[in-house]
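Next come the chains, spelled out residue by residue.
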Amino acid sequence: MNYVIGDTALIKDIPQSRHGDFVWTLPFVDVAADGTETETDLTDCEFAFVVFGLDGTTEIASLEIGTGIDVSDNIVTVSIDNADLIADYVKGCKYPYYLTYTNAAGHTKCLFEGKFITT
């Protein structure tokens with residue numbers, strides 16, 4: 001499991017085969033000072049997953065809740081259909097990406113960033 005702690009995004013490169021759909025499932029859990037874990041309430045939270053082209057500035061994928069991102073209870077699922085991977089991504093290339101989370105109070109945090117690598 002990847003734990004995102006503090007103010008800095010976790011750097012994570014994501015290798016993805018062009019022979020299947022991309023599905024990234026992220027459970028959100030709050031951890032109390034005593035170590036007790038509870039499911040995070042994601043009501044009224046927003047998520048964005050953005051992948052840039054090889055120039056690092058042109059968005060080739062911009063997903064949010066309802067368009068590639070699904071939130072159910074404390075689970076966030078990011079998905080890109082295989083047909084989109086074949087059409088928009090060149091095998092062997094590394095595309096910059098980031099995943100952000102905005103809580104119900106409006107605070108935005110970048111959770112992950114790195115390279116989306118097609119294999």
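In what follows, the accompanying structure is described.

Rules behind the numbers
Residues numbered from 1 in each chain as written. Predicted model: local features only at pLDDT ≥ 70, side-chain atom pairs only at ≥ 80, totals over all residues. Heavy atoms only, no water. Helix = DSSP H or I, 4+ residues; strand = E, 2+ residues; numbered from the N terminus. Rg over C-alpha atoms; globule rule 2.2 N^0.38 Å. Contact = heavy atoms within 4.5 Å. Areas by Shrake-Rupley, 256 points an atom, 1.4 Å probe, with all protein chains shown as cover. Lys, Arg positive; Asp, Glu negative; His and termini not counted. Charge placed at Lys NZ, Arg CZ, Asp CG, Glu CD. Disulfide = S-S within 2.5 Å. Core = buried A, V, L, I, M, F, W, Y, C linked by side-chain atoms within 4.5 Å. Buried < 20%, exposed > 50% of the residue type's maximum accessible area, 1.4 Å probe, protein only. Phe/Tyr/Trp six-rings, centres within 6.5 Å; stacked < 30°, edge-to-face > 60°. Pairing = 2+ DSSP bridges.

## Quick look at the overall build of the protein
Item 1. Along its length, the protein carries one helix and eleven strands.
Item 2. The order of helices and strands in the protein, counted from the N terminus, is β-β-β-β-β-β-β-β-β-α-β-β.
Item 3. Taken against the 2.2 N^0.38 rule, which gives 14 Å for 119 residues, the C-alpha radius of gyration of the protein at 15 Å falls within 12% of a compact globule.
Item 4. Overall size of the protein, expressed as C-alpha extent along the three principal axes, is 45 × 25 × 25 Å.
Item 5. A separation threshold of at least 6 residues defines the contact pool for the protein, and within that pool the share at least 24 residues apart is 62%.
Item 6. Roughly 7000 Å² of accessible area belongs to the protein as shown, and the carbon and sulfur atoms make up 50% of that amount.
Item 7. In the protein, 6 side chains carry a positive charge and 19 a negative one; their mean positions are 17 Å apart.

## Quick word on the state of the cysteines
Item 1. Scanning the model with the defined rule gives zero disulfides in all.
Item 2. The cysteine C45 is free of any disulfide, with C110 supplying the nearest cysteine sulfur at 16 Å.

## Looking at the nonpolar core
Item 1. Core analysis: the largest hydrophobic core is formed by 26 residues, its most contacted members being F22, W24, F47, F49 and F116.
Item 2. Elements supplying a minimum of two residues to this core: strand 3 (22–27), strand 6 (46–52), strand 7 (59–65), strand 9 (75–80), strand 10 (94–102) and strand 11 (108–118).
Item 3. In terms of residue count, the dominant contributor to this core is strand 10 (four residues).

## Focus on the packing of aromatic side chains
Item 1. Taken as a whole and assessed by the stated rule, the structure comprises 14 aromatic pairs.
Item 2. Aromatic side chains F47 and Y101 sit 5.2 Å apart centroid to centroid with 35° between the ring planes, which places their arrangement in the tilted category. With F47 in strand 6 and Y101 in strand 10, the pair connects residues that are 54 residues apart, well separated along the chain.
Item 3. The buried category is assigned to F47, whose relative accessible area is 4%.
Item 4. Taken together, the aromatic side chains of F22, W24, F49, Y89, Y95, Y97, F112 and F116 make up a single cluster linked through ring pairs.

## Let's talk about unusual backbone geometry
Item 1. The phi dihedral of D44 falls on the positive side, at around 65°, and the residue is not glycine.
Item 2. Mapped onto the elements of the fold, D44 is located in the loop between strand 5 (37–39) and strand 6.
Item 3. In this structure D44 comes out as exposed when scored by relative accessible area, which is 62%.
Item 4. Of note, the phi angle at D73 is positive, near 55°, even though the residue is not glycine.
Item 5. Following the sequence through the fold, D73 ends up in the loop between strand 8 (68–72) and strand 9.

## Here we look at the pairing of strand 6
Item 1. Extensive coverage of strand 6 is indicated by the burial of five of its seven residues.
Item 2. Bridge analysis of strand 6 against strand 10 gives six bridges, and the strand direction is antiparallel. Bridge pairing links V51 to Y97 in strand 10.
Item 3. Pairing analysis gives five bridges linking strand 6 to strand 7, with the strands arranged antiparallel. Paired with F52 across the strands is E59, a residue of strand 7.

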